[in-house]
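Coordinates in review
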Amino acid sequence: EPEVTQTPSHQVTQMGQEVILRCVPISNHLYFYWYRQILGQKVEFLVSFYNNEISEKSEIFDDQFSVERPDGSNFTLKIRSTKLEDSAMYFCASSIDSSENIQYFGAGTRLSVL
Amino acid sequence: RKEVEQDPGPFNVPEGATVAFNCTYSNSASQSFFWYRQDCRKEPKLLMSVYSSGNEDGRFTAQLNRASQYISLLIRDSKLSDSATYLCVVSDFSGNTPLVFGKGTRLSVIA
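One structure accompanies this document, and this report is about it. (Residues numbered from 1 in each chain as written. Chains lettered and ligands numbered in written order. Predicted model: local features only at pLDDT ≥ 70, side-chain atom pairs only at ≥ 80, totals over all residues. Heavy atoms only, no water.)

1. Comments concerning the overall build of chain A
Broken down by element type, chain A carries 0 helices and 11 strands. Reading chain A from its N terminus to its C terminus gives the helix and strand order β-β-β-β-β-β-β-β-β-β-β. In terms of C-alpha radius of gyration, chain A reaches 13 Å, essentially the compact-globule figure of 13 Å for 114 residues. With respect to the principal axes defined by its C-alpha atoms, chain A has extents near 40 × 25 × 25 Å. The buried share of chain A, reckoned over its 114 residues, is 46%. (Helix = DSSP H or I, 4+ residues; strand = E, 2+ residues; numbered from the N terminus. Rg over C-alpha atoms; globule rule 2.2 N^0.38 Å. Buried < 20%, exposed > 50% of the residue type's maximum accessible area, 1.4 Å probe, protein only.)

2. Some words on the sheet that holds strand β7 (residues 60–65) of chain B
Strands pair in a sheet through their backbones, by hydrogen bonds, and they do so in one of two ways: parallel or antiparallel. All names here are of chain B. Spatial ordering of the open sheet is given by β1-β3-β8-β7-β6, a layout of 5 strands whose pairing is antiparallel. Looking at which strands have only one partner, the edges of the open sheet turn out to be β1 (4–6) and β6 (55–57). With strand direction ignored, the average angle separating the axes of adjacent strands in the sheet is 20°. (Pairing = 2+ DSSP bridges. Axes fitted to C-alpha atoms, helices over the stretch in contact; angles between N-to-C directions.)

3. Notes on the nonpolar core
By size, the foremost hydrophobic cluster in this structure holds 24 residues, and its most contacted members are B:Phe21, B:Trp35, B:Ile71, B:Leu73, B:Ile75, B:Tyr86 and B:Leu107. Looking at this core, the elements that each hand over two or more residues are β3 (19–25), β4 (32–38), β5 (44–50), β7, β8 (70–75), β9 (84–91) and β11 (105–110) of chain B. Aside from chain neighbours lying at most four places away, what touches B:Leu73 is B:Val19, B:Ala20, B:Phe21, B:Trp35, B:Leu47, B:Met48, B:Phe60, B:Thr61 and B:Tyr86. Core analysis: the next-biggest nonpolar cluster, separate from the first, contains 22 residues, A:Ile60, A:Phe61, A:Phe65 and A:Leu111 among them. (Core = buried A, V, L, I, M, F, W, Y, C linked by side-chain atoms within 4.5 Å. Contact = heavy atoms within 4.5 Å.)

4. Here's the deal with the state of the cysteines
In total, this model carries 2 disulfides over all chains according to the counting rule given. Bridging A:Cys23 to A:Cys92, the disulfide has an S-S length of 2.0 Å. On the S-S bond that ties A:Cys23 to A:Cys92, the torsion sits near -65°, and the link is left-handed. With a gap of 69 residues between them, A:Cys23 in strand β3 (residues 19–24) and A:Cys92 in strand β9 (residues 88–95) connect regions that are remote in the sequence. Given the relative accessible area of 0%, A:Cys23 is considered buried. Since its relative accessible area comes to 0%, A:Cys92 is described here as buried. The residue that forms a disulfide with B:Cys23 is B:Cys88, at a sulfur-sulfur distance of 1.9 Å. Negative torsions about the S-S bond denote left-handed disulfides, and the value of about -75° found for B:Cys23 with B:Cys88 makes this one left-handed. Separated by 65 residues along the polypeptide, B:Cys23 in strand β3 and B:Cys88 in strand β9 bring together distant segments of the chain. What makes B:Cys23 buried here is its relative accessible area of 1%. Judged by relative accessible area, B:Cys88 falls into the buried class, the value being 0%. (Disulfide = S-S within 2.5 Å.)

Shown next as structure tokens:
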């Protein structure tokens, strides 16, 4: 069964450092998303991406964050100058079309900012 | 602000029990409705979409009441493997719109 893959599974970084979280969406999917989940809290939308540009972003997705699709398969989330409060699970998701908006999630990257 | 509210839980039930979860959503423009399941420290996985007419998938039945902005999930004959957090999720229909998640209701099925 096709799946969304994310790497690394766990990223530890020092406050102020830059991190890049990587995702390979399901191959025939067209829409890509990043969500985050702080421990014990709900899953929150960060950004959606379609046709090589951002479709929508939340208030969480400030200038510290950026997304890129550098090639035909990868979808990345970059966090510049990480803060302690960026520690969370980051989930990538993808969907094939918008008729039902069914989004499939990767296993996530656990980001720990020390 | 778009919000999804769920029963706080946790629900601790014996195997074989029937359990019901409820959810309300604030955005009347919401068009797509789902139940996802999330195991501890894992990703959300789609359990089922929820349709206006209600729908059933094996032991799971979902209902939607648009007028009351209310969604429910019924699990019959609970199994140990049903233990997880159940997430109520809504979105607008217009394109690849963000999913709005509830905080989830934790279910523990006990032998």
